[in-house]
Amino acid sequence: YTRGTVTAFSPFDARADAEALRKAMKGLGTDEETVLKILTSRSNAQRQEIASAFKTLFGRDLVDDLKSELTGKFETLMVSLMRPTYIFDAHALKHAIKGAGTNEKVLTEILASRTPEEIQNIKQVYLQEYEANLEDKITGETSGYFQRMLVVLLQANRDPDGRVDDGLVEQDAQVLFRAGELKWGTDEEKFITILGTRSVSHLRRVFDKYMTISGFQIEETIDRETSGDLEKLLLAVVKCIRSVPAYFAETLYYSMKGAGTDDDTLIRVMVSRSEIDLLDIRKELRMNFAKSLHQMIQKDTSGDYRKALLLLCGGDDE
């Protein structure tokens, strides 16, 4: 069951696709149209089969060829589509914590939105691919409460969903109220523990109860009581508890709103959610921002990059 815009293509012929891609990139000039049409209409698993057929038939690496034939954002998008699904997040995290400066935005987006199973998988893949411990890498590059919250999320020990206990809901809501609004200064630890370890269904009820007790949405309190990277991370976690597609709809909206486009975020979200919940993300964006994802991409991007993104988007929501 998937709410993605990209599904397995049928009838699928990896060799025929590999031949078409080779032809599109061989000789002078590149037929970008063929490249983008094939890669956006095959599932990630099928793209891996195409890469393997490409190597078998031509003794060449498909990703290397894409890199040498394409340029700019279009190249980044096509290469991202070729990255095996299970490596995608690990790779994004590796690049977020490498070299000078850490990309907190990427750490926040991935660790706040992935399920405990996905996070366990990311840690495993990270260790296999990069022979390094993801938690060590992240703690080495971050600090303070922001670091602590990331570590809690990396444990992937969120309670599984089950029967919700009203007494515990009331208790957590009161603890958060006392740790934030009622206190001079903020008890960040309480926010970190509760938001990082309780089940999704429990937390949704806690947020409702919190509103009843305090008269504030939990987001308003976090906004007032915390700042910087910690604030952004706590808000992302709350939004993902409420609705992951709504969180990504907002992420996409702000990646294109106003002057300039945050292409890294746009590409990362479009590629990583294309087989999971992009249909729901489109619906949320339409509902919450009165804009269609299709129209935003149309307006904010151009050329082959735009064509490929629009195909990934899948359709317009008038």
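If you're wondering where the values come from, they're calculated on a predicted model, not measured in any experiment.

A. The overall build of the chain, seen in detail. Helix and strand content of the chain: 20 helices and zero strands. The C-alpha radius of gyration of the chain comes to 21 Å, within 12% of the 20 Å expected for a compact globule of 318 residues. For the chain, the proportion of its 318 residues judged to be buried stands at 48%. For the chain, long-range pairs separated by at least 24 residues make up 71% of all intrachain contacts whose partners lie at least 6 apart in sequence. In the form shown here, the chain has an accessible surface area of approximately 15,100 Å², with 48% of it arising from carbon and sulfur atoms. Averaging the positions of the 43 positive and the 52 negative side-chain charges in the chain gives two centres separated by 2 Å.

B. Representation of the nonpolar core within the structure. In terms of nonpolar packing, the biggest core is built from 97 residues, with Met 78, Leu 195 and Met 270 touching the most fellow members. If sequence neighbours within four positions are ignored, Met 78 has contacts with Val 35, Leu 36, Leu 39, Thr 40, Leu 66, Leu 70 and Ala 308.

C. The arrangement of unusual backbone geometry in detail. Omega for the bond connecting Ser 10 with Pro 11 falls within 30 degrees of zero, at -5 degrees, which places this linkage in the cis form. For Glu 131, which is not glycine, the phi dihedral falls at a positive 45 degrees. Residue position: Glu 131 is located in the loop between α8 (116-130) and α9 (134-141). Notably, Ala 290 is not glycine yet its phi reads approximately 50 degrees, a positive angle.

D. Broad picture of the side chain of Glu 284. Along the chain, the position of Glu 284 falls in helix α18 (residues 278-289). It is Lys 283 that comes nearest to the buried, bridge-free Glu 284 among opposite-charge side chains, at 6.5 Å. Each residue touching Glu 284, except ones within four places of it in the same chain, is listed here: Ser 243, Pro 245, Ala 246, Ala 249 and Phe 289.

E. Just the environment of Ser 68, in detail. Along the polypeptide, Ser 68 turns up in helix α4 (residues 62-69). The class of Ser 68 is exposed, set by a relative accessible area of 55%.

F. Structural context of helix α10 (residues 144-155). Across its twelve residues, α10 extends 17 Å between first and last C-alpha, which sits within 8% of the 16 Å expected from 1.5 Å per residue. Within the sequence span of α10, burial applies to Phe 146, Met 149, Leu 150, Val 151, Leu 153 and Leu 154. The inward-facing, buried residues of α10 contact α7 (104-113), α8, α9, α12 (188-197) and α15 (228-242). Two residues or fewer after α10 comes Ala 156, characterised by a positive phi angle close to 55 degrees.

G. Structural context of the domain arrangement of the chain. Parsing the chain into structural domains produces domain 1 (14-85), domain 2 (87-155), domain 3 (166-242) and domain 4 (244-313). The C-alpha centroid of domain 4 is placed 23 Å from the C-alpha centroid of domain 1. Every contact between the two is made by 15 residues of domain 1 and, on the other side, eleven residues of domain 4. Taking both partners together, domain 1 and domain 4 bury about 1,200 Å²; carbon and sulfur atoms supply 74% of that area. Three residues, Thr 40, Lys 73 and Leu 77, lead the burial of domain 1 against domain 4; their summed loss comes to 43% of the area buried on that side. Linking domain 1 with domain 4 are two salt bridges, by the criterion used here. Across the pair Glu 33 and Lys 307 runs a salt bridge, and its minimum N-O distance is 3.0 Å. Put simply, the parts of the chain that give the side of domain 1 that touches domain 4 at least two residues each are α2 (32-40), α3 (44-58) and α5 (72-82). Element by element, the count of residues in the side of domain 1 that touches domain 4 is highest for α5, at seven residues. Its residues placed into classes, the side of domain 1 that touches domain 4 shows five nonpolar, five polar and five charged.

H. Region of the structure containing the side chain of Arg 42. Considering the arrangement of structural elements, one finds Arg 42 in the loop between α2 and α3. Those residues in contact with Arg 42, other than ones at most four positions away along the chain, are Val 6, Thr 7, Phe 9, Phe 12, Asp 17, Arg 47 and Ile 50.

Calculation notes
Residues numbered from 1 in each chain as written. Predicted model: local features only at pLDDT ≥ 70, side-chain atom pairs only at ≥ 80, totals over all residues. Heavy atoms only, no water. Helix = DSSP H or I, 4+ residues; strand = E, 2+ residues; numbered from the N terminus. Rg over C-alpha atoms; globule rule 2.2 N^0.38 Å. Buried < 20%, exposed > 50% of the residue type's maximum accessible area, 1.4 Å probe, protein only. Contact = heavy atoms within 4.5 Å. Areas by Shrake-Rupley, 256 points an atom, 1.4 Å probe, with all protein chains shown as cover. Lys, Arg positive; Asp, Glu negative; His and termini not counted. Charge placed at Lys NZ, Arg CZ, Asp CG, Glu CD. Core = buried A, V, L, I, M, F, W, Y, C linked by side-chain atoms within 4.5 Å. Salt bridge = Lys/Arg side-chain N within 4 Å of Asp/Glu carboxyl O. Expected span 1.5 Å × (residues − 1). Domains from an automatic or database assignment. Buried area = accessible area lost by both parts, 1.4 Å probe. Nonpolar A, V, L, I, M, F, W, Y, C, P; charged D, E, K, R; others polar.

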